[in-house]
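Summary of the model geometry
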Amino acid sequence: MTAEHLVLEAPAKVNLCLAVSYPPRDGYHLLDSVFLELPLADTVCVERARIDDVADHPAAAATAAGTLVALDCGALGIPTQDNLVFKAVDGFERAVGAALVPEDGGIRISVDKRIPAGGGLGGGSSDAAATLRACCALAGLSEDDSRVGALARTLGADVAFFLHGGCALMGGRGDLFEEELPAFPLPLVLMGESQGISTPRIYRDFDASPAPAPDARALAAALRDFEPGGAGPAQKRRLAQLCANNLEPAAFDALPRLRERVERARCDEDVLNALVTGSGATSFAICPDNAAALRFAQRARAYCDWTLVCKPR
């Protein structure tokens, strides 16, 4: 990887605890959430290129500063100008007041998509955050620059988390970094769904029948106090039971088989808790140890479109 050719990992996330408030304020829902970065990731490649190499690209578009961006981002069917990756480049140039390339140059960006779209795993937001990091490298700007953080919050709530990564408590609209947390000590099994769910629909349904918010800050406190080496079954179960999501009922209504999947997982002897991440459609199970996670993942393949074991770091 050079300053002219950057390859970055864009990891997925789960919301270990998502507490959405009601009613919304000024059109936005305030929330507390404990986010956890996962090993599942897209790969984002960003490089400066000659203008001739990007001008004829079918998905090329120009930023406000005049930078021509050629974007390959899988078969998502999203116009380049509407893609968060392009918006990250355009917004970065606006924020710093300068183009990333000279007039005779352009930028090529390719995203190798592995994170399912519409699954609540934050793939698009993570791709945008990786692109922001690439822009910082191209411009020689620190990723900690306040302009980058402010831009991330305008691109989307999850983008701000992905600039930090790891495990963190986020507030505001999910866009305000509040506290870095210890890594979640229990393995997760992602339970995949081939059909995505519309986030706006989930929030509309939630507003029509809001569910009480769990206590994300209680989970954050439990993570700070958890001692992996000396934790017994009761401590592990308590930690798992603090994981919750009050958007889950709306996601269940939108995709009934998601409810069936989660309820089946909750009854499994190797599972401490199971829930939906974000607005769906991916769900996940929390297991007491890696052996239990592997056993459960094998059984869950019978009723999930895909599974992935995520061992604690």
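Above: the structure in question.
On a predicted model such as this, the values are computed, not experimentally measured, just so you know.

**A short note on the overall build of the protein chain**
The secondary structure content of the protein chain amounts to eleven helices and eleven strands. On C-alpha atoms alone, the protein chain measures out to a radius of gyration of 20 Å, which is about the 20 Å that the 2.2 N^0.38 rule sets for 313 residues. Overall, the protein chain is about 60 × 45 × 35 Å in size when its C-alpha atoms are taken along their principal axes. Per-residue burial over the protein chain gives 51% buried out of 313 residues. Within the protein chain, counting contacts between residues at least 6 apart in sequence, those at least 24 apart form 72% of the total.

**Looking at the pairing of strand E7 (residues 176–180)**
Note: strand E6 (residues 167–171) against E7, four bridges, orientation antiparallel. Counterpart to Met 170 in the pairing with E7 is Phe 177. The antiparallel hairpin formed by E6 and E7 contains four residues in its connecting segment, where Gly 172 sits at a positive phi of about 65 degrees.

**With respect to the nonpolar core**
Counting 38 residues, the largest nonpolar core has Phe 92, Leu 100, Ile 107, Ile 109 and Leu 132 as its most contacted members. By residue number, the principal contributor to this core is helix H3 (residues 123–139), which donates eight residues. When neighbours within four sequence positions are excluded, Leu 132 is seen to be in contact with Ala 88, Phe 92, Val 148, Leu 151, Ala 152, Leu 155, Val 159 and Leu 163. Of all hydrophobic cores here, the second largest spans 32 residues; its members include Val 14, Cys 17, Val 34 and Ala 231.

**Observations regarding the pairing of strand E10 (residues 283–286)**
Remember that side chains alternate between the two faces of the sheet whenever the strand is regular. Side chains Ser 283 and Ala 285 project from E10 onto one buried face, and the interleaved Phe 284 and Ile 286 project onto a second face that is buried too. Looking at chain direction, strand E8 (residues 188–192) and E10 are connected through four bridges and run antiparallel. From the neighbouring strand, Leu 190 faces E10, where its bridge partner is Phe 284.

**Re the packing of aromatic side chains**
To describe a pair of aromatic rings, one takes the distance between the centres and the angle between the planes. Under the definition given, this model contains three aromatic pairs. Relative to Phe 161, the ring of Phe 35 has its centre 4.9 Å away and its plane inclined at 25 degrees; by these criteria the two rings are stacked. Of this pair, Phe 35 sits in strand E2 (residues 31–50) while Phe 161 sits in helix H5 (residues 157–164), and the two are 126 residues apart along the sequence. Chaining the aromatic ring pairs together yields one cluster made of Phe 35, Phe 161 and Phe 162.

**Things to note about the pattern of salt bridges**
In this structure the tally under the stated criterion is 20 salt bridges. Its salt-bridge partner being Arg 217, residue Asp 32 comes within 3.1 Å of it at the nearest N-O pair. With Asp 32 in strand E2 and Arg 217 in helix H7 (residues 216–225), this pair connects stretches of sequence that are 185 residues apart. In this structure Arg 217 comes out as partly exposed when scored by relative accessible area, which is 37%. With its nearest N and O atoms 2.8 Å apart, the salt bridge here joins Asp 270 to Arg 295. Within this pair, whereas Asp 270 is found in the loop between helix H10 (256–266) and strand E9 (273–276), its partner Arg 295 is found in helix H11 (residues 290–300), the two being separated by 25 residues in sequence. Classification of Asp 270 as buried rests on a relative accessible area of 7%.

**Re the packing of H3 against H5**
Contact geometry of H3 with H5 gives a least axis separation of 8 Å together with a crossing angle of 55 degrees. Taken together, H3 and H5 sit at an angle that is classed as oblique. Where H3 crosses over H5, the two elements pack in a sense that is right-handed. The residues of H5 that touch H3, namely those facing Ser 125, Ser 126, Ala 128, Ala 129, Leu 132 and Arg 133, are Asp 158, Val 159, Phe 162 and Leu 163. Grouping the amino acids of the contact of H3 with H5 by side-chain chemistry returns six nonpolar, two polar and two charged.

About the thresholds
- Residues numbered from 1 in each chain as written.
- Predicted model: local features only at pLDDT ≥ 70, side-chain atom pairs only at ≥ 80, totals over all residues.
- Heavy atoms only, no water.
- Helix = DSSP H or I, 4+ residues; strand = E, 2+ residues; numbered from the N terminus.
- Rg over C-alpha atoms; globule rule 2.2 N^0.38 Å.
- Buried < 20%, exposed > 50% of the residue type's maximum accessible area, 1.4 Å probe, protein only.
- Contact = heavy atoms within 4.5 Å.
- Pairing = 2+ DSSP bridges.
- Core = buried A, V, L, I, M, F, W, Y, C linked by side-chain atoms within 4.5 Å.
- Phe/Tyr/Trp six-rings, centres within 6.5 Å; stacked < 30°, edge-to-face > 60°.
- Salt bridge = Lys/Arg side-chain N within 4 Å of Asp/Glu carboxyl O.
- Axes fitted to C-alpha atoms, helices over the stretch in contact; angles between N-to-C directions.
- Parallel < 35°, antiparallel > 145°, perpendicular 65-115°, else oblique.
- Left-handed = near helix turned anticlockwise from the far one by under 90°.
- Nonpolar A, V, L, I, M, F, W, Y, C, P; charged D, E, K, R; others polar.

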